[in-house]
Each structure stands twice: as C-alpha cells, then as structure tokens.
Amino acid sequence: MNLEQLQRMLDGHEWNDVEFKEARNNVPDKIYRSVSAFSNTAGGWVVFGVKDDDGNLSVVGVVAVDKVQNDFITALRGKTKISRAIELNADLLEHDDGTVLAFYIPEAHRNDKPVHLKGELRESYIRRGASDLKCS
C-alpha cells in the first residue's frame, strides 16, 4: 500500500476489504476477528493509525510503532491467538498526520480454513460488508 491508496481508502468507507483501527499504543484484541474473517473470505487490509468516528475516517497515527508492529506480527506468526501462521505484507506509511501501519491479510488456502481464534473452532469469522460475522 502507498499513500495514494491509503487516501482513496480514507475517502471511502470500511467495507469487505479494509478494517481501520486507531491502535496508537497497542494492538486492539478485536482485530483478530478481522484477521480470521479476511483469512476465511477474500483477504483484506488491516490499517492501524486511523480513527473511524461514525464513518468519518481520519489519520491519528500510531505512537508506539515498533511495539504495535511487533506485537501484531508476532501474534500472527504464533498459534496462541490464531489457529495458523498468517503470512502477511506490511507497509509503514508516513502520512502528514502520523504513522500508519498497513497489513494485507491474504485469504487462507482452503485446506487451512476455517482460520479461528484461541484454539476454538467456534471462534471462526467471515467478512460481510464492514462486519466480521461469527460462522455458524
């Protein structure tokens, strides 16, 4: 992702291929639902450093860049939070309003699905619109 792509996303809405989170100092725990959903559906972007205020998206920046990046990548490479290691693409973007971290979560191979959380198959999600829905 580059700054131009980020700006196009900011001018739009959260939808089936992007999830924005402030994540100024920590990785929000709920983001792993989106990781599961993107992995089980068609892939998508997790973008840290963006505030979603009732659909109004604005860059607020990640303050603890190294911590947030390392914590997120470590969680996706281990099997404590998520059922399989996620190979992702990561981009660090220097926006005028702060640092943005963008991670592309690819769709999992069908043999690896469902990607679930906390070792619990019932904690599997899919992406529909801007929502992460628990699988039945």
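Quantities reported herein were computed from a predicted structural model and do not represent experimental measurements. (Residues numbered from 1 in each chain as written. Predicted model: local features only at pLDDT ≥ 70, side-chain atom pairs only at ≥ 80, totals over all residues. Heavy atoms only, no water.)

## As for the overall build of the chain
Selection rule: Counting from the N terminus, the helices are DSSP H or I runs at least four residues long and the strands are E runs at least two residues long. Computation of the radius of gyration draws on C-alpha atoms, with the globule rule given as 2.2 Å multiplied by the number of residues to the power 0.38. Contacts are assigned to residue pairs with any non-hydrogen atoms lying within 4.5 Å of each other. For the area figures, the Shrake-Rupley method with a 1.4 Å probe applies, and any residue is considered shielded solely by the protein chains shown.
The number of helices and strands found in the chain is three helices and nine strands. From first element to last, N terminus to C terminus, the chain shows the α and β order α-β-α-β-β-β-α-β-β-β-β-β. Expected size for 136 residues packed as a compact globule is a radius of gyration near 14 Å; at 14 Å, the chain falls within 12% of this value. Considering only contacts within the chain whose residues lie at least 6 apart along the sequence, 67% involve residues at least 24 apart. In the structure as shown, the chain presents an accessible area of about 7300 Å², 43% of it carried by carbon and sulfur atoms.

## Thoughts on the sheet that holds strand β5 (residues 89-95)
Rules: The rule for pairing is simple: two strands pair if DSSP sees at least two bridges between them. What counts as an axis is a line fitted to C-alpha atoms, over the stretch in contact for a helix, and the angles between N-to-C directions run from 0 to 180 degrees.
The mixed open sheet is built from four strands, whose spatial order is β1-β2-β6-β5. Each edge of the open sheet carries a strand with a single partner, namely β1 (18-21) and β5. Each strand axis lies, on average, 20° off the axis of its neighbour in the sheet, ignoring direction. Pairing between β5 and strand β6 (residues 98-105): seven bridges, direction antiparallel.

## Re helix α2 (residues 31-40)
What counts, and what does not: Relative accessibility thresholds used throughout: buried, under 20% of the residue-type maximum; exposed, over 50%; partly exposed, between the two (1.4 Å probe, protein chains only).
Of all the ten residues making up α2, nine are buried; the element is thus mostly covered by neighbouring parts of the structure. Among the residues of α2, those classed as buried are Ile-31, Tyr-32, Ser-34, Val-35, Ser-36, Ala-37, Phe-38, Ser-39 and Asn-40.

## Here we look at the sheet that holds strand β8 (residues 120-128)
Overall, antiparallel pairing links the three strands, which are arranged β7-β8-β9 in an open sheet. Strands with a single pairing partner mark the edges of an open sheet, and in this sheet they are β7 (116-117) and β9 (131-134). As paired elements, β7 and β8 share two bridges and run antiparallel to each other. The residue bridging Leu-117 from the neighbouring strand is Glu-120, located in β8. Running over the sheet, α2 touches β7, β8 and β9 and is turned about 75° from β8.

## With respect to the nonpolar core
Heads up, the condition is: Nonpolar cores are built from buried Ala, Val, Leu, Ile, Met, Phe, Trp, Tyr and Cys residues. Side-chain atoms within 4.5 Å join them into one set.
Grouped together as the largest cluster of nonpolar side chains are 26 residues, with contacts concentrated most on Val-46, Phe-48, Phe-72 and Leu-76. Counting only elements with at least two residues in this core, the list comes to α2, β2 (44-48), α3 (65-77) and β6. The leading source of residues in this core is α3, at six residues. Leu-6, Met-9, Leu-10 and Leu-93 belong to the second largest nonpolar core, which has 14 residues in total.

## Notes on unusual backbone geometry
Most peptide bonds are trans, and most residues other than glycine sit at a negative phi. In this structure, Pro-114 follows Lys-113 across a cis peptide bond, with omega equal to -5°. Looking at where Pro-114 falls in the secondary structure, it is placed in the loop between β6 and β7. A positive phi angle, near 55°, is found at Lys-118, a position not held by glycine. By the secondary structure assignment, Lys-118 is in the loop between β7 and β8. Among the residues examined, Lys-118 registers a relative accessible area of 60% and is labelled exposed.

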